[in-house]
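Report on the structure
Spelled out, the chains give:
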Amino acid sequence: MAYQGYAVQQARRPAFYERPFPATDDSRNGVYFAALSLFGKQEGDGSPERGKKGIAMTKKQKKLVVFITALCGMFAIVPAANAMHIMEGFLPITFCVLWGVICVPFLVVGFMNIRKRLDENRQMMMLLALTGAFVFVISSLKIPSVTGSCSHMTGTGLGAILFGPCVTSILGIIVLIFRAILLAHGGVTSLGANCFSMAIAGPLLSFGLYKLLAKSGMNRKVNVFIAAFAGDLFTYCVTSFQLALAHPSPTGGFGYALVKYLGVFAPTQVPLAVIEGILTVVIVIGLETYAKDELKGIGFLKGAQNG
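Residues numbered from 1 in each chain as written. Predicted model: local features only at pLDDT ≥ 70, side-chain atom pairs only at ≥ 80, totals over all residues. Heavy atoms only, no water.

Here we come to the overall build of the chain. Of the regular secondary structure elements, the chain holds 12 helices and 2 strands. Traced from its N-terminal end to its C-terminal end, the chain shows the element sequence α-α-α-α-α-α-β-β-α-α-α-α-α-α. Counting every position in the chain, which comprises 307 residues, the buried fraction comes to 47%. Pairs at least 24 residues apart make up 78% of the contacts formed inside the chain by residues separated by at least 6 positions. Of the roughly 14800 Å² of accessible surface on the chain, a fraction of 68% belongs to carbon and sulfur atoms. (Helix = DSSP H or I, 4+ residues; strand = E, 2+ residues; numbered from the N terminus. Buried < 20%, exposed > 50% of the residue type's maximum accessible area, 1.4 Å probe, protein only. Contact = heavy atoms within 4.5 Å. Areas by Shrake-Rupley, 256 points an atom, 1.4 Å probe, with all protein chains shown as cover.)

Have a look at this one:
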């Protein structure tokens, strides 16, 4: 009877469980199941080879994971400081709602693009997860500013270059939510403003610059550096604009407040933008070495990526 009951349960299992999995448990990484639960079940073409390749990591992919983890770990020893992002309660409620509404179209398009592209190419899931992890780690490292504030890298330039600005907006808002709730960096009410500056405005500039420079025939690594560098700086320019708009100077007005906020972040953010550009180039070199097939799959090596 017990055997018959087990046979009935096996017969009733969803088709998803019939997909081939790697033999070792360590290959069943949590990244796959987290992305699967977020974006839904992805159907392959029915071939066992594609199913295995989409779930199991190859030796090169495992080396890539170790490489990025070690690189991010080297920067995890930076001392903690106050977060740069606009903190909870600092913006008036009208500005919080305004920036949140502006972000909605980008987030909707980004979510739809992720689901569509995962349907077409499940190998994109690994690159998507690694990019999100890179954004989370690199943006959580705060550097005290000489003016009493602090700055940090954003990491969203990499996502914009690989997947486009709309997809990057989803990665950015997930990171911002985790940081606001778990690390007390930023805030819930200011989530819209922080999302626009870090996950939308910066990636838009990075993506546009990368595509423009790619058409000029410039070296790919130089393009990546310029795009990541400019996207990082533009994020802080937009943040300064948001702060000056919400809190203009009583004497000098909006213009004086904008210059003041830009001056607060400039001494530390400019060198940090250079570092982020270099790190992004290093990550791209690692991806080209260990995940060339995946980069071809998302169109990066052909310059045919979408927003």
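At a minimum axis separation of 7 Å, helix H7 (residues 156-163) and helix H8 (residues 165-182) run at an interaxial angle of 140 degrees. As H7 runs across H8, the sense of the crossing is right-handed. Between H7, through Thr 156, Gly 159, Ala 160 and Phe 163, and H8, the contact on the second element is made entirely by Pro 165, Val 167 and Thr 168. Tallied by class, the residues present in the contact of H7 with H8 amount to 4 nonpolar, 3 polar and no charged. (Axes fitted to C-alpha atoms, helices over the stretch in contact; angles between N-to-C directions. Left-handed = near helix turned anticlockwise from the far one by under 90°. Nonpolar A, V, L, I, M, F, W, Y, C, P; charged D, E, K, R; others polar.)

Model confidence for the chain is summarised by a mean pLDDT of 76, while 68% of its residues fall at 70 or above. Low pLDDT (under 50) marks residues 5-55, which in the prediction has 61 contacts with non-local residues, meaning those over four places away or in another chain. (pLDDT = per-residue confidence, 0-100.)

Evaluation of the coordinates by the stated rule reveals 4 aromatic pairs. Pairing Trp 99 with Phe 196 gives two aromatic rings, centres 5.1 Å apart and planes at 35 degrees, and the pair type is tilted. Placement of the pair is Trp 99 in helix H5 (residues 93-120) and Phe 196 in helix H9 (residues 191-215), with a sequence separation of 97 residues. Owing to a relative accessible area of 6%, Trp 99 belongs among the buried residues under this scheme. The exposure class of Phe 196 is buried, given its relative accessible area of 17%. (Phe/Tyr/Trp six-rings, centres within 6.5 Å; stacked < 30°, edge-to-face > 60°.)

Take the nonpolar core next. With 56 residues, the main nonpolar core has Leu 127, Leu 162, Phe 163, Cys 195, Ile 298 and Phe 300 as its most contacted residues. Contributing elements (two or more residues each) for this core: H5, helix H6 (124-139), H7, H8, H9, helix H10 (220-246) and helix H11 (253-290). (Core = buried A, V, L, I, M, F, W, Y, C linked by side-chain atoms within 4.5 Å.)

The next thing to look at is the pattern of salt bridges. By the definition in use, this model includes 1 salt bridge. With its nearest N and O atoms 3.4 Å apart, the salt bridge here joins Glu 288 to Arg 220. Of this pair, Glu 288 sits in helix H11 while Arg 220 sits in helix H10, and the two are 68 residues apart along the sequence. For Glu 288, a relative accessible area of 18% puts it in the buried group. For Arg 220, a relative accessible area of 29% puts it in the partly exposed group. (Salt bridge = Lys/Arg side-chain N within 4 Å of Asp/Glu carboxyl O.)

Together, Ile 174, Ile 177, Phe 178, Ile 181, Leu 182, Leu 183 and Val 188 line one region of the surface with nonpolar side chains, adding up to about 630 Å² of accessible area. Among the structural elements, Ile 177 can be located in helix H8. The class of Ile 177 is partly exposed, set by a relative accessible area of 33%. (Patch = residues over 30% accessible without salt bridge, like charges linked within 9 Å, V, L, I, M, F, W, Y side chains within 5 Å.)

For the rest of this paragraph, the subject is H9. Its 25 residues give H9 an end-to-end C-alpha distance of 35 Å, which sits within 8% of 36 Å, the value for a rise of 1.5 Å per residue. A maximum bend of about 30 degrees is found in H9 at Ser 197. Looking one or two residues beyond H9, the residue adopting positive phi is Gly 217, at roughly 85 degrees. (Expected span 1.5 Å × (residues − 1). Bend = angle between axes of the 7 residues up to and from the residue.)

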